[in-house]
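Here is what each chain is made of, one letter per residue.
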Amino acid sequence: MKGLTTIYRRELASLFLAPLAWILLGVSLLLNGWAFVATLKSTGGDITYTLRIANGGSLFNWAVQIFLPPLLTMRMISEEARNGLLEFLQTSPVSDGAVVVGKFLAAWSFMAIFWLSGLAYALSLQLLGHPPDWPPVLGAYIGLLLVSGLFCSIGLFTSSITSAPVLAAFCALMGSVGILSLPWLVRLFEVPWLSDGVGAVDIMSSFDRSFLIGVLDTKVLVFFIAWTFFFTFLATRAVEAKRWR
Amino acid sequence: MITAQNLTRRFGQFVAVDDLSFQIDRGEVVGFLGPNGAGKTTTLRILAGFLPASAGHASVAGHDVLRESMAVRRRIGYLAESVPLYREHRVEEMLDFQGRLHGLSRNERRARIPAVLDRVGVLDRRTTLVGHLSRGLRQRVGLAVALLPDPEVLILDEPTSGLDPLQRMGVRTLIQGLADEHTVIISSHILPEIEAVCPRVIIINRGRLAADGTQEELIRTLGGASYVRLEIVAQGAGHADLLRQLPGVLEVIDDGVEDGLQAFEVHCDVDMRREVGALVAREGWTVRELSWRKATLEELFARIALELDDSHEAPAAEPLDVEAGGAA
């Protein structure tokens, strides 16, 4: 556990030491802030709708979910394997699982910090005397975290099986887009026998139907947690397998 | 302290380490030699618990490197050839990270980090970003990282590669200073380093043990002949016969006459310059050179790397193991 905490602290510090993280945070927050104000103005002060847009109810949020986790995770394993740092970690008294989970938690924490802006808007409205409807706001935040966690785990997995960070990011991007667009593709090509199964992995619909209205559906929670665990597990096995190559 | 028993490591069809066995006792400083691609790094990686062996087993400080990997990792300081360090961190942050990985308390880290940095001579660079350090300084920081947990065993893979002669001298002095407190295994193909630092050497070639013993033993038994070189003004004949009559002389090779000077190699087990000098004085020869040529580790290494037997023609068939009872 101590090793995991050590890895997590270093990775998180490393993310904030890199200019990329600050640029991504700055640009995204700027765009999000601008969208928030613009929506608030255009709806004539509809707080509920504006907060819904700011907390995951827009395509901008899905674009962030697709692009940001791969950019955060792409270097975490592939580059360390290339420059020998993974060898350093794998000869230190810390398990491969702790290395991978520590890295995952760092990327996920970064995303959690990133999504705090939505809560900040809600909080500022509360302080200004316009209390928002908190359950959907908090539900959306939890939903955003779960989606980010899944995409971070996919990014970490692709980073563990490729030798170039850019390739890892591209594969993660493709994986994330693939998962999001699967239900749409099934509908497009009318494959009835697949629609039931694919419906269960319809992330965008689940998000809209559950988290955005402040409902925490156990089925959806289990779905995200299970798949995040699965990809993190695969990444751990891939790191372990590097010893045998 | 370190035991390797019939270690074998394959990468597909390629056998990188082939049935390698050796033992290193506590407090020994051992040079691990071999030409490029001989299997040095692979062996050290197996000992450090990074690579599993395909066959055989290894133990460090009484713990099996595969089954008790964590126990081994807590007892070793391993510096890989690439000197892996986080470039975005400051020197002391890198050491702090290593200290935390090894479970050192805050007080221990506070005490040990400056001490180790001072020891490797980079205390004044403690707040410098690792990425801004020169190769030599990075090497020193790498050593500091390996030394921080005060490991029983230090495994150093090519610690002086890529350094200039002055930096190499610095690292050599540093390693000499470590010999009293740690069991050290150093791989290198820069022989002066090994000659200066390691009393014992293990030489591998093509993944197999080629020689194992103290430098003196190996040079005496495998390193080729030692001889007195004599160069005199060529006049008259029968010099070689007179030299052969000296007690202790094994063989005299006449190197011929060049520029009016005649050269001889007087082969013998011990330095016989005094006896040869006395003969020269007695016979009134005019001397230009009288010197003792001792076989070096470099010659021994070259013979093994080129797989030459005594006649320097055919490849050596069997590993040469001094400790196991002399040259085969």
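### A word on the overall build of chain A
Within chain A one finds 12 helices and 0 strands. Taken from N to C terminus, the helices and strands of chain A fall in the order α-α-α-α-α-α-α-α-α-α-α-α. Over its C-alpha atoms, taken along the principal directions, chain A stretches across nearly 60 × 45 × 30 Å. The buried share of chain A, taken over its 245 residues, is 42%.

### What about the interface of chain A and chain B?
Of the residues lining the interface, 19 residues belong to chain A; the matching set on chain B comes to 19 residues. Contributing elements (two or more residues each) for the side of chain A that touches chain B: helix 1 (2–17) and helix 6 (85–90) of chain A. With 6 residues, the top contributor of residues to the side of chain A that touches chain B is helix 1 of chain A. Along the lines of polarity and charge, the residues of the side of chain A that touches chain B split into 7 nonpolar, 8 polar and 4 charged.

### Thoughts on the domain arrangement of chain B
The domain boundaries assigned to chain B delineate domain 1 (2–214) and domain 2 (225–293). Computed over C-alpha atoms, the centres of domain 1 of chain B and domain 2 of chain B are 46 Å apart.

### Looking at the nonpolar core
Within the largest apolar cluster, 134 residues are counted, with the highest numbers of intra-cluster contacts made by Ala144(B) and Ile155(B). Among the elements that take part in this core, helix 7 (residues 96–127) of chain A stands out by supplying 15 residues, more than any other. Sequence-distant contacts of Ala144(B), that is, excluding residues within four places in its chain, are made with Leu95(B), Val116(B), Leu117(B), Val120(B) and Val122(B). Val252(B), Val266(B), Cys268(B) and Val276(B) belong to the second largest nonpolar core, which has 10 residues in total.

### Let's talk about the sheet that holds strand 13 (residues 261–268) of chain B
Residue and element names in this part refer to chain B. Pairing is antiparallel in the open sheet, where 4 strands are placed in the order 12-13-11-14. Here the strands that pair on one side only, and so sit at the sheet edges, are strand 12 (249–258) and strand 14 (287–293). Direction aside, neighbouring strands of the sheet carry axes that sit 15° apart on average. With 8 bridges joining them, strand 12 and strand 13 adopt antiparallel strand pairing.

### Here's the deal with the sheet that holds strand 3 (residues 29–33) of chain B
All names here are of chain B. What the 6 strands build is an open sheet, ordered 6-7-8-3-9-10; its pairing is mixed. Each edge of the open sheet is held by one strand with a lone partner, namely strand 6 (76–79) and strand 10 (208–214). This sheet shows a mean twist of 15° between the axes of neighbouring strands, independent of strand direction. As paired elements, strand 7 (residues 153–157) and strand 8 (residues 183–188) share 5 bridges and run parallel to each other. If you follow Leu-156 over to strand 8, its bridge partner there is Ile-186.

### Section: the pairing of strand 4 (residues 55–60) of chain B
Residues and elements named next belong to chain B. Bridge count between strand 1 (residues 2–11) and strand 4: 5 bridges; the pairing is antiparallel. Looking at strand 4, one finds that Gln-5 is bridged to His-57. Here 2 bridges tie strand 4 to strand 5 (residues 63–64), and the two strands are oriented antiparallel to one another. In the sheet register, Val-60 faces strand 5, and the bridge partner there is His-63. Hairpin connection of strand 4 to strand 5: 2 residues between the antiparallel strands, including Ala-61 at a positive phi of 55°.

About the cut-offs
- Residues numbered from 1 in each chain as written.
- Chains lettered and ligands numbered in written order.
- Predicted model: local features only at pLDDT ≥ 70, side-chain atom pairs only at ≥ 80, totals over all residues.
- Helix = DSSP H or I, 4+ residues; strand = E, 2+ residues; numbered from the N terminus.
- Buried ≥ 20, exposed ≤ 12 C-beta atoms within 10 Å, placed from the backbone.
- Contact = placed C-beta atoms within 7 Å.
- Nonpolar A, V, L, I, M, F, W, Y, C, P; charged D, E, K, R; others polar.
- Domains from an automatic or database assignment.
- Core = buried A, V, L, I, M, F, W, Y, C linked by C-beta atoms within 7 Å.
- Pairing = 2+ DSSP bridges.
- Axes fitted to C-alpha atoms, helices over the stretch in contact; angles between N-to-C directions.

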